[in-house]
Amino acid sequence: MRILMAAAATLLMTGGASAASITLTGTVRDFNDSHPDFEGVIATDKGIVETTLGGDGKPVYASATTTPTTSGAANFNQWYNDTPGVNMSDSLSIMLDDPENDGVYTYSDSSFFPIDGELFGNQGRSHNYHFTFELATEFTYTGGETFTFTGDDDLWVFIDDELVIDLGGVHTAQTASVNLDDLGLTLGEDYNFNLFFAERHTTQSSFRIETSILLKDVREVPLPAALPLFLAGAGLFGAAARKKRKK
């Protein structure tokens, strides 16, 4: 019984993430280089998206017309939505490692080309340079967590539907961080976490995450056969099922 209790506590606290790594699975979408928002102007372009996530869980284009590196809402809305004839999509997983077991999880790739030779292919280039990537997950706020991203091109992070990092534009690697203690979150509450990335121009692509947020592994970890019955009897299963993120 003590083994079951320990397993229950671990699963409820970590959402199934291991101490050594967290695997997060999102959606990658490939575009042809002829898309109006790709292989265009090179410039930092903050303010492309609204500061609140849309009701569909996607960024909302902020301009009534265009921005220095984007061509309008209609084309931008294709970035993170499956659009036949415009993009092709697939799942993509990244693993954040904590080799020191100090609670800091890192994913780092200075040559981030995860779909080389796939979907629309490389279009005659050495890499597939024209794609977007989105992740949607959640975490329990415990206090003191930080999140840092370094990369190119566009990167937006939303926590509890609010924009906390804006690295919009076509640019060389840039870095931004957020300290969750500055966001007015409530200890012990669950919050959603959304990340949106775009690689829009040759010839570099880098992607680095360093975070102490225990993001929940989107892959479900099966419970031991007897554990659901134990949780239900202890009243924990229903409590966990009812727990919602704070709004």
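This one's a predicted model, so the numbers in the text were calculated from it and none came from an experiment. (Residues numbered from 1 in each chain as written. Predicted model: local features only at pLDDT ≥ 70, side-chain atom pairs only at ≥ 80, totals over all residues. Heavy atoms only, no water.)

### Regarding the confidence of the model for the chain
Applicable threshold: A score from 0 to 100, pLDDT tells how confident the predictor is in each residue. In this analysis, two residues are considered to be in contact whenever any of their non-hydrogen atoms come within 4.5 Å of each other.
Overall, the predicted model of the chain reaches an average pLDDT of 86, with 80% of residues at or above 70. Overall, residues 1-18 carries pLDDT values under 50, and its contacts beyond four positions in sequence, including any with other chains, amount to 25 contacts. Counted against residues more than four places away or in other chains, residues 220-247, with its pLDDT under 50, gives 37 contacts.

### A short note on the pairing of strand S1 (residues 21-31)
For clarity, the threshold we go by: A 1.4 Å probe rolled over the protein chains alone gives each residue an accessible area, and that area as a share of the maximum for its type sets the label: buried under 20%, exposed over 50%, partly exposed in between. Numbering of helices and strands starts at the N terminus; helices are DSSP runs of H or I of at least 4 residues and strands are runs of E of at least 2. Two strands pair if DSSP finds at least two bridges between them.
Burial analysis of S1 places nine of its eleven residues in the buried class, the great majority of the element. In terms of strand pairing, S1 meets strand S3 (residues 87-97) through eleven bridges, oriented antiparallel. Its bridge partner lying in S3, Leu 24 is registered against Ile 94. Judged from the four bridges that link them, S1 and strand S5 (residues 131-140) form a sheet pairing that is antiparallel. Paired with Thr 27 across the bridge in S5 is Glu 134.

### Some points on the nonpolar core
Operational definition: Buried Ala, Val, Leu, Ile, Met, Phe, Trp, Tyr and Cys residues form a nonpolar core when they are joined through side-chain atoms within 4.5 Å.
Formed by 34 residues in total, the largest nonpolar core has its most connected members in Ile 94, Phe 139, Phe 147, Phe 193, Leu 195, Phe 197 and Phe 207. With residues up to four places along the chain from it excluded, the contact list for Phe 193 reads Leu 135, Ala 136, Thr 137, Glu 138, Phe 139, Phe 147, Val 157, Phe 158, Ile 159, Ile 213 and Leu 215. Counting 13 residues, the second largest nonpolar core, distinct from the first, contains Ile 48, Trp 79, Tyr 80 and Trp 156.

### Notes on the packing of aromatic side chains
Here is the rule: For this analysis, a ring pair means two rings from Phe, Tyr or Trp (six-membered ring only for Trp) whose centres lie within 6.5 Å, classed as stacked if their planes differ by under 30 degrees, edge-to-face if by over 60, and tilted for the remaining angles.
This structure, assessed with the given rule, holds 23 aromatic pairs. The interplanar angle of 35° and the centroid separation of 5.4 Å between the aromatic rings of Tyr 61 and Phe 76 together place this pair among those described as tilted. One end of the pair, Tyr 61, is in the loop between strand S2 (43-44) and helix H2 (73-76); the other, Phe 76, is in helix H2, with 15 residues separating them in the sequence. Judged by relative accessible area, Tyr 61 falls into the buried class, the value being 7%. Between Tyr 107 and Phe 207, the aromatic rings sit 5.8 Å apart at their centres with planes inclined by 80°, giving edge-to-face as the arrangement.

### So, the pattern of salt bridges
Our working definition: Here, a salt bridge means any side-chain nitrogen of Lys or Arg that lies within 4 Å of a carboxyl oxygen of Asp or Glu.
Scanning the entire structure with this criterion turns up eight salt bridges. With a shortest N-O distance of 2.8 Å, Asp 82 and Arg 29 are connected by a salt bridge. Of this pair, Asp 82 sits in the loop between H2 and S3 while Arg 29 is found in strand S1, placing the two residues 53 residues apart along the sequence. A single network of salt bridges, built from pairs that share partners, joins Arg 29, Lys 58, Asp 82 and Glu 134.

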